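# Results of the structural survey
The primary structure of each chain is shown beneath.
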Number of protein chains: 2
Amino acid sequence: DEAPPDPSAAQDPFAGDPPRHPGLRISSRKPFNAETPAELLTERFLTPNELFFTRNHLPVPAVDPGSYRLRVEGPEGRVLSLSLSELRSRFPKHEVTATLQCAGNRRSEMSRVRPVKGLAWDIGAIGTARWGGARLRDVLLHAGFGEERDGEWHVCFEGLDADPGGAPYGASIPYGRAVSAGADVLLAYEMNGEELPRDHGFPVRVVVPGVVGARSVKWLGRVAVSAAESPSHWQQNDYKGFSPCVDWDSVDYSSAPAIQELPVQSAITHPRPGAAVPPGELTVKGYAWSGGGRDVVRVDVSLDGGRTWSVASLAGERAAPGRAWAWRLWELRAPVPAGAQLEIVCKAVDRSYNVQPDTVGPIWNLRGVLSNAWHRVPVTVTR
Amino acid sequence: DEAPPDPSAAQDPFAGDPPRHPGLRISSRKPFNAETPAELLTERFLTPNELFFTRNHLPVPAVDPGSYRLRVEGPEGRVLSLSLSELRSRFPKHEVTATLQCAGNRRSEMSRVRPVKGLAWDIGAIGTARWGGARLRDVLLHAGFGEERDGEWHVCFEGLDADPGGAPYGASIPYGRAVSAGADVLLAYEMNGEELPRDHGFPVRVVVPGVVGARSVKWLGRVAVSAAESPSHWQQNDYKGFSPCVDWDSVDYSSAPAIQELPVQSAITHPRPGAAVPPGELTVKGYAWSGGGRDVVRVDVSLDGGRTWSVASLAGERAAPGRAWAWRLWELRAPVPAGAQLEIVCKAVDRSYNVQPDTVGPIWNLRGVLSNAWHRVPVTVTR
Ligand SMILES: [Mo]
Ligand SMILES: [Mo]
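Presented here is an overview of the structure given in this document. The structure displayed is predicted, hence computed values, not measured ones. Position numbers for residues count from 1 along each chain, tracking the sequence in the order it is written. Chains carry letters from A onward and ligands carry numbers from 1 onward, assigned in written order. Only residues with pLDDT of at least 70 are given local features in this predicted model, and only at 80 or more are side-chain atom pairs given and counted; all residues enter the totals for whole chains, interfaces and linings. Excluded from the side-chain calculation are hydrogens and water; included are all heavy atoms of the structure.

## A few points about the environment of B:His142
Residues and elements named next belong to chain B. When you line up the elements, His142 lands in helix H4 (residues 136–142). Residue classification places His142 among the partly exposed residues on the basis of a relative accessible area of 41%. In sequence terms His142 and Trp327 are 185 residues apart; their C-alpha atoms lie 32 Å from each other. For this analysis, residues touch if any pair of their heavy atoms sits within 4.5 Å. Apart from the residues lying within four places of it in its own chain, the contact partners of His142 are Leu80, Arg90 and Phe91. Segments assigned H or I by DSSP are reported as helices when at least four residues long, segments assigned E as strands when at least two residues long, and all are numbered from the N terminus. The buried label goes to any residue with under 20% of its type's maximum accessible area, the exposed label to any with over 50%, and the partly exposed label to all in between, with areas taken from a 1.4 Å probe on protein chains only.

In structure tokens:
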């Protein structure tokens, strides 16, 4: 979520970026950031690769799959170097259907309260794919690490994308999550049955289900186990939540924890804000998801700004307890009278009975992350 | 949270209940239910035993510690019968500082929106103790169970308290939590360094950190591993959350999951609603806690009903990641001008960046559980 580097550099570092689908809604070209249009978001349970939101911090690296090596730093200075074919053949392929969400999804609603620093995401910086790859657990155990480690230890990831000074994108997750069989963390080389697209980390990315997208490092080059979190800018000085009273003069990044699990979230994908809909039966559609594998147990929908509510129908099936990594799509059908002004609202409840806050102002924060207030969509019913 | 049985029964089944501390704020005498007065709640980090909230569903059983036996139903029909001294001597004593909260804590705020069925708890149906006992994990492994079991399996608990028909209080938790070393589930025989008081489960109770109090079964008589949740009324037909649109005519208890982990919570213990405070520096005090071992990372306090916020100081220390079982006490000092009308508000943020909802109406439910909206305390500053 950095300001784009200056594209007037002698040679455009983004010249090697891949082609993109014209249907994406672009929020920044260099680096490339784009979201799935809301209307397409809930057309299918699995988001098509070419329409999956793209969150790049830096130019897309050009990686030759033949010479690619993943460096895994083992205990006592031992280093494992894995080619792509070794990663594929030495470890069982594990498949997980998981939703990834950008910390800044729905930031534009927060910006309307007061300006924030970051890309103006609407509700589409979220998507769901079937990821295939090696379990990070299996790779760590193979490298010689054990099941247990003190709670503060992290597994650090570095991407092959780097800023002009050569500093790579980096992030980390707690060791306990990395090594847990139940947490399903992958070193993924497949997305929806295809090899990873370049914009999504070809040839290998981390996928950390239930956790903010920023930790699912793309173009993975290096895995290291450390007594502390990643020293990366994106772990230490970004992707953290603050009180609405904190501004750029008073912010102390060390005072807040790095975002890992995300809070409960939902949004309305149909109809769109400001739409005119015909009288009769209206179908409201959307998505709902929560972090940490907590399944969505209910979505409430209001047509009158939150005064009265109905319970939406959840599509799909309940996941295994604690491993609800994928969103639930939902819909509600309701009669709407000609000429009415509706304020459609949705709010989800997760397995821990956490709920979304009513309004965005009190969760406003200077970076515009964690925007999960009730989604409100004003709509006019035609006559 | 049942209506009290008729005390005009030929013999009062509550006649054997223990004496109680006169400082408790009583919400029902038979069965006995009482909370810690708000003013005393944050005097100390550990709630004194005699002032700890008491939530009894039935008469307190009179248990002879010498003849007490805990029945643990092992695999393949084997049954373990443990005396109190065997429970103490055969398993290492494990100590955990954990907050227990009733599902109905803060129900009275919900009742003011629309009537609900249940005891009129204020903010004191919560407390923190240092619990000592055997790990449930150790007892399960000793009984012959293993580390792993399909996600739907539960460990069922039955109390020695029973209704007039002989049905005991019962509840269950997922097997994974019960057997997890990191979840710290206890079969506790000590509370704050003393033997368990009768009102708190003497001689043995379950303590399930991070989970609704209703699963921490008191006067524990029986532990059984089952492919399904406890069939108990309190698991199946109570202690569940519903949409505000569900009423007693439409409620389908099978449609909602039993409450296990509780959502993020906080409340103001000082000053009290309606208080008059002197001008100058006001100290606002309260507690904050979240379920599932998620630590509280921030408490925001407003003196103007939520328009502007300050960050409160958290007392005590950060817990180990994912094992933040105890509340954080907090305070905020702020200047208040003579004659002002304040609406003091608090809201907490937990490690998953879940937050409390702004208002109670949209989380209203017919049983009045899960009442975790911003706590609002109107106060007058004297001249
Ligand atoms: Mo992000
Ligand atoms: Mo309770």
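Here the narrative resumes.
## Focus: the relation of the copies chain A and chain B
When the copies are overlaid, the least-squares fit takes in C-alpha atoms only where the residue has pLDDT of at least 70 in both copies. For the pair chain A and chain B, the best superposition has an RMSD of 0.0 Å and corresponds to a rotation of 180° with a translation of 0.0 Å parallel to the axis. The superposition operator between the copies reduces to a two-fold rotation axis. The C-alpha atom lying nearest the rotation axis in chain A is that of A:Pro357; the distance is 2.0 Å. A symmetric contact is evident, with 100% of the interface residues of chain A recurring at the interface of chain B.

## Digging into the environment of A:Pro164
Residue position: A:Pro164 is located in the loop between strand S8 (154–162) and strand S9 (168–174). Each C-alpha atom of the pair A:Pro164 and A:Pro13 lies 8.6 Å from the other, and the pair is 151 residues apart in sequence.

## Details of the pairing of strand S14 (residues 265–270) of chain A
Residues and elements named next belong to chain A. The element S14 is extensively covered by neighbouring structure, given that 5 of its 6 residues are classed as buried. Pairs of strands are assigned from DSSP output, requiring at least two bridges between the strands. As judged from the 5 bridges shared by S14 and strand S16 (residues 280–289), these two strands associate in the antiparallel manner. Across the sheet, Ser266 pairs through a bridge with Ala288, a residue of S16.

## Looking at the sheet that holds strand S15 (residues 276–277) of chain A
All names here are of chain A. Reading across from one edge, S15-S22-S21-S17-S18 is the order of the 5 strands in this open sheet, with mixed pairing throughout. A single partner strand is all that each edge strand has here, and the edge strands are S15 and strand S18 (310–311). Here 6 bridges tie strand S21 (residues 341–350) to strand S22 (residues 375–381), and the two strands are oriented antiparallel to one another. The residue of S22 that forms the bridge with Leu342 is Val379.

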